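# Residue-level structure breakdown
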Amino acid sequence: MEIRSKPCCHYCEDSRHVRKHGTSRARIQRYLCSACNRTFQTRYIYQGNKSDNNRSIKND
């Protein structure tokens, strides 16, 4: 039996107030952080949602 820990919120870094919040259109589990009231996914299928993409975009 595999024991999974709750994911950590991407915005406030809290894992105690995270709960499941449905699925995305791509059938990926979504989570809601009740501490900051924001939703997130643990993995994304679209490359634009990666956090390091903002650093790689250069303003001309």
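Residues numbered from 1 in each chain as written. Predicted model: local features only at pLDDT ≥ 70, side-chain atom pairs only at ≥ 80, totals over all residues. Heavy atoms only, no water.

## Thoughts on the overall build of the protein
Along its length, the protein carries 1 helix and 3 strands. Element order for the protein, N to C, with α for helix and β for strand: β-β-β-α. Expressed as a percentage of the 60 residues in the protein, the buried residues total 18%. Total accessible area computed for the protein in this model is approximately 5,500 Å², and 43% of it derives from carbon and sulfur atoms. (Helix = DSSP H or I, 4+ residues; strand = E, 2+ residues; numbered from the N terminus. Buried < 20%, exposed > 50% of the residue type's maximum accessible area, 1.4 Å probe, protein only. Areas by Shrake-Rupley, 256 points an atom, 1.4 Å probe, with all protein chains shown as cover.)

## Thoughts on the packing of aromatic side chains
A complete count under the given rule lists 1 aromatic pair for this structure. Its guanidinium or amino end placed over the ring of Tyr11, Arg38 lies 3.7 Å from that ring's centre, counting from NZ or CZ. (Phe/Tyr/Trp six-rings, centres within 6.5 Å; stacked < 30°, edge-to-face > 60°. Lys NZ or Arg CZ within 6 Å of the ring centre and 35° of its normal.)

## Points about the pairing of strand 3 (residues 38-41)
Here strand 2 (residues 29-33) pairs with strand 3 via 4 bridges, running antiparallel. Residue Tyr31 lies in a different strand from strand 3, and its bridge partner there is Phe40. Hairpin connection between strand 2 and strand 3: a loop of 4 residues separates the two successive antiparallel strands, and Asn37 in this loop has a positive phi of roughly 60 degrees. (Pairing = 2+ DSSP bridges.)

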